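Residue-level structure breakdown
Residues per chain are reported as follows:
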Amino acid sequence: MAEIIVVTSGKGGVGKTTTSASLACGLARRGHKVAVIDFDVGLRNLDLIMGCERRVVYDFVNVVNGEANLKQALIKDKRFENLYVLAASQTRDKDALTKEGVQKVLDDLVADGFDYIVCDSPAGIEKGAYLAMYFADQALVVVNPEVSSVRDSDRILGLLSSKTRRAENGERIKEHLLLTRYSPNRVETGEMLSVGDVEEILGLKTIGVIPESPDVLNASNKGEPVILETESNAAQAYDDAVARLLGDTRPMRFITAEKKGFFSKIFGG
């Protein structure tokens with residue numbers, strides 16, 4: 001049975017699409033059949049990060065409206081034969097998605113034997129975000145370690161516990177915290193919340209900490225999910241998060257500041 005995972009947050013610009021792309025690639029690299037869906041109707045960034053923007057012919061809204069079938073709209077990834085992308089529409093209104101239409105697409109993906117369906121949610125609490133989370137079994141709540149992002153994510157947690165199909169059935173979505181753009185040095189100087197601070201405020205356990213890194217932007221500009229940049233700290237952190245999602249135990253890396261040596265302190269290295 002497929003697991004539906006929503007990647008969500010209250011605030012924009014925290015790295016949801018980067019996370020969705022890396023999560024989907026990480027799961028596919030482990031042999032799972034994966035579909036990743038862009039729910040951000042009107043903006044559409046997932047196909048850029050996945051490097052398949054020139055191959056979009058039909059999109060999510062076309063399938064929901066019956067203008068194309070799912071097989072026509074799914075784009076097969078060139079790196080992993082078991083990974084598929086369903087792009088959002090750039091030209092439609094955010095109300096173009098319907099609960100019934102989304103459910104049919106998800107049901108068809110389940111029937112096609114997908115192991116994981118990753119739903120890349122738009123920010124906030126509008127209709128696209130609501131539909132992205134409604135059918136989810138698990139949620140990755142993406143948070144920057146700063147107060148406004150944490151506060152907005154607290155609102156999202158309230159919706160996950162009350163406005164989803166599982167909530168209506170008296171069940172809970174399995175929620176995970178993913179911290180992005182984390183800088184241990186800024187935590188030490190008090191400019192940024194620590195992992196423990198965010199966990200305490202939101203009441204969630206951290207599944208991954210993605211360090212602040214220029215590799216994330218560089219990978220996005222190349223149309224390559226950062227998890228595939230294997231030498232990058234950010235890639236290794238995403239790989240750790242995927243492993244933990246699948247039940248592996250891995251130590252949390254990239255959360256402590258590097259201690260400067262004696263000569264570094266003197267010469268400013």
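Quantities reported herein were computed from a predicted structural model and do not represent experimental measurements.

1. A look at the side chain of Ser213
Counting through the fold element by element, Ser213 comes out in the loop between β8 (206-211) and α11 (214-222). Given the relative accessible area of 19%, Ser213 is considered buried. A distance of 3.1 Å separates the side chain of Ser213 from the backbone nitrogen of Asp215, its partner in a polar contact.

2. Overview of the sheet that holds strand β6 (residues 138-143)
Spatial strand order, β3-β4-β2-β5-β1-β6-β7-β8: 8 strands in an open sheet with mixed pairing. Each edge of the open sheet is held by one strand with a lone partner, namely β3 (75-76) and β8. On the sheet, helix α7 (residues 147-160) packs against β1 (3-8), β6 and β7 (174-182) and is oriented at approximately 165 degrees with respect to β6. Packing of helix α12 (residues 233-245) onto the sheet brings it into contact with β1, β6, β7 and β8, and relative to β8 it is tilted by some 170 degrees.

3. Re the packing of helix α1 (residues 16-29) against α12
Remark: α1 packs on α12, axes separated minimally by 9 Å, with the N-to-C direction vectors making an angle of 65 degrees. Pair α1 / α12 crosses with right-handed handedness. Each of Thr18, Thr19, Ser22, Leu23, Gly26, Leu27 and Arg29 in α1 lies in contact with α12, whose residues at this interface are Tyr238, Asp239, Val242 and Leu245. Among the residues forming the contact of α1 with α12, the class breakdown is 5 nonpolar, 4 polar and 2 charged.

4. Quick word on empty space enclosed by the protein
Within this structure, the stated rule accounts for 2 cavities of 30 Å³ or more. In this structure, the largest cavity encloses a volume near 80 Å³. Thr19, Ser22, Leu23, Leu140, Leu178, Ile207, Ile227, Tyr238, Ala241, Val242 and Leu245 together form the lining of the largest cavity. Only α1 and α12 provide two or more residues apiece to the lining of the largest cavity. Its residues placed into classes, the lining of the largest cavity shows 9 nonpolar, 2 polar and no charged. As for the second largest cavity, its lining consists of Gly208, Val209, Ala237, Asp240, Arg244, Met252, Arg253 and Phe254. Those elements that provide at least two residues to the lining of the second largest cavity are β8 and α12.

What counts and how
- Residues numbered from 1 in each chain as written.
- Predicted model: local features only at pLDDT ≥ 70, side-chain atom pairs only at ≥ 80, totals over all residues.
- Heavy atoms only, no water.
- Helix = DSSP H or I, 4+ residues; strand = E, 2+ residues; numbered from the N terminus.
- Buried < 20%, exposed > 50% of the residue type's maximum accessible area, 1.4 Å probe, protein only.
- Polar contact = N/O pair within 3.5 Å; in protein donor to acceptor, adjacent residues only side chain to side chain.
- Pairing = 2+ DSSP bridges.
- Contact = heavy atoms within 4.5 Å.
- Axes fitted to C-alpha atoms, helices over the stretch in contact; angles between N-to-C directions.
- Left-handed = near helix turned anticlockwise from the far one by under 90°.
- Nonpolar A, V, L, I, M, F, W, Y, C, P; charged D, E, K, R; others polar.
- 1 Å grid on protein atoms, 1.4 Å probe; cavity = no way out; pocket = protein on both sides within 12 Å on 5 of 7 lines; lining within 4 Å.
- Points joined across faces, edges and corners; volume = space filled by probe spheres on them.

Shape descriptors only; they carry no functional weight alone.
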